[in-house]
Amino acid sequence: MLEIRIAESGKTVLANFLSDTTENVGGEYRPTEGVRILEFESAPEGSGDKTCEVELWDCSGDFKFESCWPALMKDSSGVVIIFNPDVPSHLKEIETWHSMFISSQGLQDAQCLLIAHHKPGSGVEDGRLPLASHLSRLPLIHSNLEDEPEDVRQAFCRYLGNVVNTMSESREREEMSIIT
């Protein structure tokens, strides 16, 4: 699963939280250089008490790493795009990321997640964002790790459940095509 972000959106803090890498959600900004891979177990929604292993690739959105992106996208099961809704240019940049990482891979809407990550002290509400029509079909969650950290984790587990279901359905279709 790829997690990409627009510069200074809080992606690494969110990735650390979801993977239980750290409990500290503050600190100074340090951009991701290239990619950082986080491996952890999580219980996708709908799986009962079963867990799955998640490999979350925390990818830099810096265009100086663009030549590496095709390798990062290969065999990805899902894409999470994290942006800061306080920054108007981020809303436009989501379209670029959608085109490069989602459309080009033929991923289904259920395999994608947009996260409007609200930084501490943010004044933006969890309201409707002015997204392009093709982006408004994608699941969108608002994250605020100071006020509602477990809501963010539950939303991510719902997303993981969607990705696992999509992968299972795809595998079943592939197996049926071999049998018939």
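It should be noted that the structure appears before, not after, this text.
Remember, predicted model here, so these are calculated numbers, not experimental data.

Points about a negative patch on the surface
Here is step 1 of the chain: Taken together, E39, E41, E53 and E55 make up a surface patch of like negative charges.
Here is step 2 of the chain: Those elements giving two or more residues to the negative patch turn out to be β2 (35–42) and β3 (52–59).
Here is step 3 of the chain: The exposure class assigned to E39 is exposed, which follows from its relative accessible area of 61%.

Things to note about the packing of aromatic side chains
Here is step 1 of the chain: Inspection of the entire model under this criterion finds 6 aromatic pairs.
Here is step 2 of the chain: Pairing F63 with W69 gives two aromatic rings, centres 5.3 Å apart and planes at 65 degrees, and the pair type is edge-to-face.
Here is step 3 of the chain: Consider the rings of W69 and F101, whose centres lie 5.4 Å apart with planes at 55 degrees: the pair is tilted. Residue W69 is located in helix α2 (residues 69–73), and its partner F101 is located in helix α3 (residues 88–102); the two are separated by 32 residues in the primary sequence. Each member of the pair, W69 as well as F101, carries the same accessibility label: buried.
Here is step 4 of the chain: Directly above the ring of F17 sits R153, whose terminal nitrogen or CZ lies 4.2 Å from the centroid.

Section: the packing of helix α1 (residues 11–18) against helix α4 (residues 149–179)
Here is step 1 of the chain: It is the contact of α1 with α4, at a shortest axis distance of 11 Å, that shows an interaxial angle of 80 degrees. In terms of orientation, α1 and α4 fall into the roughly perpendicular class. Residue-level contacts link L14, F17 and L18 of α1 to P149, E150, V152, R153 and F156 of α4.
Here is step 2 of the chain: A class-by-class count of the residues in the contact of α1 with α4 yields 6 nonpolar, no polar and 2 charged.

Digging into α3
For the α-helix, the turn length of 3.6 residues means that residues three or four positions removed from each other point alike.
Here is step 1 of the chain: Compared with an ideal rise of 1.5 Å per residue, which puts 15 residues at 21 Å, α3 spans 21 Å between its outermost C-alpha atoms and is within 8% of the ideal.
Here is step 2 of the chain: Those residues of α3 that sit buried are H90, L91, I94, W97, H98, F101 and I102.

Conventions we followed
Residues numbered from 1 in each chain as written. Predicted model: local features only at pLDDT ≥ 70, side-chain atom pairs only at ≥ 80, totals over all residues. Heavy atoms only, no water. Patch = residues over 30% accessible without salt bridge, like charges linked within 9 Å, V, L, I, M, F, W, Y side chains within 5 Å. Areas by Shrake-Rupley, 256 points an atom, 1.4 Å probe, with all protein chains shown as cover. Salt bridge = Lys/Arg side-chain N within 4 Å of Asp/Glu carboxyl O. Lys, Arg positive; Asp, Glu negative; His and termini not counted. Charge placed at Lys NZ, Arg CZ, Asp CG, Glu CD. Helix = DSSP H or I, 4+ residues; strand = E, 2+ residues; numbered from the N terminus. Buried < 20%, exposed > 50% of the residue type's maximum accessible area, 1.4 Å probe, protein only. Phe/Tyr/Trp six-rings, centres within 6.5 Å; stacked < 30°, edge-to-face > 60°. Lys NZ or Arg CZ within 6 Å of the ring centre and 35° of its normal. Axes fitted to C-alpha atoms, helices over the stretch in contact; angles between N-to-C directions. Parallel < 35°, antiparallel > 145°, perpendicular 65-115°, else oblique. Contact = heavy atoms within 4.5 Å. Nonpolar A, V, L, I, M, F, W, Y, C, P; charged D, E, K, R; others polar. Expected span 1.5 Å × (residues − 1).

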